[in-house]
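# Reading the structure
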Amino acid sequence: MSFIPRTTFPYDRVINWFPGHMAKGIRLISERLNSVDLVVEVRDARIPLSSVNPNFEKVVGKRPRMIVYNKSDLADPASLKSVRKAFSRHAPSTPITFTSCLTDNNVKSILKYASELAQPIPQVTLMVVGMPNVGKSSLINALRRVGVGKGKAAITGAQPGVTRTVIGTVKVLEDPTVYLIDTPGVMVPHIADPVRSLKVALTGGIRDHLADEQVMADYLLYRLNEFHAHDYVNWFKLERPTNDVNELLEGVARRIGAIVKGGELDLTMAAKFFLKQYRAGKLGQFTLDDVSPEALDTFFETQKMYKTSTSNDLSRRQEKKLAKLEQRKQARNATNGQH
């Protein structure tokens, strides 16, 4: 008998995770925006639509913005083309790039774009924003590594919520001078769509225990079968593909020796291992959001975003900055002249 995968995944639990440091983060982001020339919004390429926080839209407003789809090495390559095509149609003035901080792929393109903004004064400040665990800190470290050849400036971690406050500025390029402000990952306070919250959890944006590791493993199994990706059968020495998550997890537990007292299999430990393999790309490259042309059109129409300011607005702000610097210089000269 040929294997028939499940066609639906009934799930109605809404996962909410919005700790106090995230509310503070949104406030700090809005306070620091006046000193920022470019907002770099980081999203997860595996969930290009679900990793968008509409709250940033209210905060960022018309600031110049660049969208970075990070972890692109873990996403389906065909989906990246679809997203790029949708941007060229709906938001041609918003630059986007696809990065992998493991290989520093396309990190230079962010620095190049920032350099082009350094007019009339050779100094630009970027602010990196995004949902938890989309790889902001890894991107900052990659920008610093590629731009100035230096080591880590931001702490990274496998679980979300590592960066808790807006830290100071970090230099990521010498000439022109490009500074960067890191911010905490900010979750949407309420994700109305339960399956969307499950996708965010599966890619590491919500703490695992809040979503339940075994439920996430079940959803992952459902999606792998949907993609006809049955490598897990060989990986975990199963007889055939399965729709039964317990059958899968028992196979995983036996494979990794997750056995507790009395010879019972530890299915939670097995689920954690299964999720870890997926997140490391060991099970394949998958994009969990629907990125068909119709779905992308709907997304752009409902988001009503990307009305960012033009380069003229940016140069006006740079001119104001230049005027301020000139005023400070004159004030200093006047003070020195009095001594």
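Labelled according to an unreviewed UniProt entry, the protein chain appears under the name Mitochondrial GTPase 1, originating from Rhizopus azygosporus. Per its UniProt entry, the protein chain bears the Function (unreviewed entry) comment "Mitochondrial GTPase involved in assembly of the large ribosomal subunit. Plays a role in expression of the mitochondrial translational machinery." Reading the Subcellular location (unreviewed entry) entry of the UniProt record for the protein chain gives the comment "Mitochondrion inner membrane".

Our next topic: empty space enclosed by the protein. Following the criterion strictly, the structure yields 1 cavity of 30 Å³ or more and no others. Considering only enclosed or pocket space, the largest cavity measures out at about 50 Å³ in volume. Along the walls of the largest cavity sit D44, I47, S51, M131, P132, N133, V134, V200, T203, G204 and G205, which together make up its complete lining. Across the lining of the largest cavity, the residue classes tally to 5 nonpolar, 5 polar and 1 charged.

Turning to the pattern of salt bridges, a few remarks are in order. By the definition in use, this model includes 12 salt bridges. The salt bridge partner of E41 is R43, with a shortest N-O separation of 3.1 Å. Each member of the pair, E41 together with R43, is buried. As a salt-bridge pair, D208 and R279 come within 2.9 Å of each other at their nearest N and O atoms.

Before going further, it helps to spend a moment on the packing of helix 4 (residues 107-116) against helix 5 (residues 136-148). Where helix 4 contacts helix 5, the axes come no closer than 9 Å and their chain directions differ by 75°. If you check the angle between helix 4 and helix 5, you find them roughly perpendicular. Residues V107, K108, I110 and L111 of helix 4 lie in contact with helix 5, whose contacting residues are L139, A142, L143, V146 and G147. Taken together, the residues of the contact of helix 4 with helix 5 break down into 7 nonpolar, 1 polar and 1 charged.

Within this numbering scheme, the UniProt entry marks N70, K71, S72, D73, N133, V134, G135, K136, S137, S138 and G185 as carrying the feature "binding site: GTP" (unreviewed entry). From the list above, the largest cavity is lined by N133 and V134. Along the chain, the position of K71 falls in the loop between strand 2 (65-70) and helix 3 (77-90). Judged by its relative accessible area of 18%, K71 falls in the buried class. Excluding residues within four positions of it along the chain, K71 makes contact with D44, A45, R46, T99, N133, V134, G135 and T203. Setting aside residues no more than four positions away along its own chain, S72 makes contact with A45, L80, F98, T99 and S100.

Counting 64 residues, the largest nonpolar core has V40, L139, Y232, L248 and F274 as the members making the most contacts within it. Looking at this core element by element, the count peaks at 7 residues for helix 8 (residues 213-226). The residues that make up this core include at least three from each of domain 1 (20-182) and domain 2 (194-280). V40 has contacts with M66, V68, I110, L126, M127, V128, V129 and L139, leaving out every residue within four places of it along the chain. By size, the runner-up hydrophobic cluster in this structure holds 17 residues, among which are L49, I96, F98 and F299.

Overall, mixed pairing links the 6 strands, which are arranged 3-2-1-4-6-5 in an open sheet. Edge positions in the sheet fall to strand 3 (96-98) and strand 5 (169-173), since each has one partner strand and no second. Here the average twist between neighbouring strands, direction ignored, is 30°. Pairing of strand 4 (residues 123-130) with strand 6 (residues 177-181), which is carried by 5 bridges, proceeds in the parallel orientation. Of the residues in strand 6, the one forming a bridge with L126 is L180. Contacts from helix 3 reach strand 1 (38-44), strand 2 and strand 3, with the element oriented near 175° to strand 3.

Procedures and definitions
Residues numbered from 1 in each chain as written. Predicted model: local features only at pLDDT ≥ 70, side-chain atom pairs only at ≥ 80, totals over all residues. Heavy atoms only, no water. UniProt positions renumbered as here; feature names shortened; annotations may be inferred. 1 Å grid on protein atoms, 1.4 Å probe; cavity = no way out; pocket = protein on both sides within 12 Å on 5 of 7 lines; lining within 4 Å. Points joined across faces, edges and corners; volume = space filled by probe spheres on them. Nonpolar A, V, L, I, M, F, W, Y, C, P; charged D, E, K, R; others polar. Salt bridge = Lys/Arg side-chain N within 4 Å of Asp/Glu carboxyl O. Buried < 20%, exposed > 50% of the residue type's maximum accessible area, 1.4 Å probe, protein only. Axes fitted to C-alpha atoms, helices over the stretch in contact; angles between N-to-C directions. Helix = DSSP H or I, 4+ residues; strand = E, 2+ residues; numbered from the N terminus. Parallel < 35°, antiparallel > 145°, perpendicular 65-115°, else oblique. Contact = heavy atoms within 4.5 Å. Core = buried A, V, L, I, M, F, W, Y, C linked by side-chain atoms within 4.5 Å. Domains from an automatic or database assignment. Pairing = 2+ DSSP bridges.

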